[in-house]
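The residues making up each chain are set out below.
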Amino acid sequence: MTQDELKQAVAQAAADYVAANAPEGSIIGVGTGSTANFFIDALAPLKARYKGAVASSEATRKRLEGHGIPVFDLNDVAEIPVYVDGADEIDAGLNMIKGGGGALTREKIVAAVARTFVCICDASKLVDVMGTFPLPVEVIPMARAHVARELAKLGGTPLLREGFVTDNGNLILDVRGLSIIDPKGLEARINQITGVVTNGLFAVRPADVLLLGTAEGVRTIA
């Protein structure tokens, strides 16, 4: 199977999971990225079941609205039964690196509200130790150089994501060269650096369920 076919398979599995676990009339959390886009496409035929969705990015909002799925502001939503999103890397503990698409802060906020966080990805994203994929860190623009110096002290090499501004008006530093043995500890330590909005480690709030696309079919890991 091609990578796109694997993504389509896990996206359909996620739509089936939502249908089985989210009450009719509920609001679904939807992530950002290529796998999340396949999920939106798989969710569209079921849209009459749900009140609508909360989007983790402007790109996701536009795709949802393009399918006629109402999009709600998170401030107007009391509960999200299921949030579905991809990952750039995920380990056996369902800790993740996210933010390759630059939506890490809004993704982390939606994940914090959701009762169940379902990660969807293909088998290439499952790793023993995270860090091969550069860790995104969203920073306030005036703090870019300061944060970069502090990240370098942690053993990584931070590089500015050129020509990119987040939906929140901030910058992204992609940190290469890390071997992330303690995801929760590193997530907390980076977030304590003044000028950091948040980083792309999802370990304090990891996934609850992983739907993993493999050549043999979709595996469910919880």
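Look up: the structure comes first, before these words.
Below or above, wherever it landed, is the structure these notes cover. (Residues numbered from 1 in each chain as written. Predicted model: local features only at pLDDT ≥ 70, side-chain atom pairs only at ≥ 80, totals over all residues. Heavy atoms only, no water.)

Attention now goes to the nonpolar core. In terms of nonpolar packing, the biggest core is built from 25 residues, with Val18, Phe39, Val84 and Ile120 touching the most fellow members. Elements with a minimum of two residues in this core: helix H1 (3–21), strand E1 (27–30), helix H2 (34–43), strand E2 (52–55), strand E3 (80–85), strand E6 (114–122) and strand E12 (209–214). Here the element with the most residues in this core is H1; it accounts for 6 residues. Once you skip the residues sitting within four places of it in the chain, isoleucine 120 turns out to touch Val10, Ala11, Ala14, Thr35, Phe39, Val84, Asp85, Gly86, Ala87 and Leu211. (Core = buried A, V, L, I, M, F, W, Y, C linked by side-chain atoms within 4.5 Å. Buried < 20%, exposed > 50% of the residue type's maximum accessible area, 1.4 Å probe, protein only. Helix = DSSP H or I, 4+ residues; strand = E, 2+ residues; numbered from the N terminus. Contact = heavy atoms within 4.5 Å.)

Either a parallel or an antiparallel arrangement is found when strands of a sheet pair, and the pairing is made through backbone hydrogen bonds. A sheet is described by the order of its strands in space; here 3 strands give the open sequence E4-E5-E11, paired in antiparallel fashion. Each edge of the sheet is formed by a strand with only one pairing partner; in this case those strands are strand E4 (89–90) and strand E11 (201–202). Bridge count for E4 against strand E5 (residues 96–97) is 2 bridges, and the pairing is antiparallel. Counterpart to glutamate 89 in the pairing with E5 is isoleucine 97. (Pairing = 2+ DSSP bridges.)

On the secondary structure map, leucine 186 appears in helix H6 (residues 183–191). Spatially, the C-alpha atoms of leucine 186 and leucine 154 are 9.1 Å apart, while their sequence positions differ by 32 residues.

Here we take up the layout of surface pockets. Its boundaries defined by the atoms lining it, the largest pocket holds a volume of some 200 Å³. At 3 residues, H2 tops the list of elements feeding residues into the lining of the largest pocket. A breakdown of the residues in the lining of the largest pocket according to their chemical character gives 3 nonpolar, 9 polar and 6 charged. (1 Å grid on protein atoms, 1.4 Å probe; cavity = no way out; pocket = protein on both sides within 12 Å on 5 of 7 lines; lining within 4 Å. Points joined across faces, edges and corners; volume = space filled by probe spheres on them. Nonpolar A, V, L, I, M, F, W, Y, C, P; charged D, E, K, R; others polar.)

Attention shifts here to the side chain of serine 26. Relative to the helices and strands, serine 26 resides in the loop between H1 and E1. Here the side chain of serine 26 touches proline 23 through a polar contact of 2.6 Å, landing on its backbone oxygen. Beyond its immediate sequence surroundings of up to four residues, serine 26 is in contact with Tyr50, Lys51, Gly52 and Pro81. (Polar contact = N/O pair within 3.5 Å; in protein donor to acceptor, adjacent residues only side chain to side chain.)

What follows covers the packing of aromatic side chains. Counting across every chain of the model gives 2 aromatic pairs. Here tyrosine 83 and phenylalanine 117 contribute two aromatic rings whose centre-to-centre distance is 4.9 Å and whose plane-to-plane angle is 35°, an arrangement assigned as tilted. Taken together, the positions of tyrosine 83 in strand E3 and phenylalanine 117 in strand E6 put the pair 34 residues apart, joining distant regions of the chain. Across this residue pair, the class does not change: tyrosine 83 and phenylalanine 117 are buried. Pairing phenylalanine 117 with phenylalanine 202 gives two aromatic rings, centres 6.4 Å apart and planes at 65°, and the pair type is edge-to-face. (Phe/Tyr/Trp six-rings, centres within 6.5 Å; stacked < 30°, edge-to-face > 60°.)

The analysis is restricted to geometry; functional conclusions fall outside its scope.
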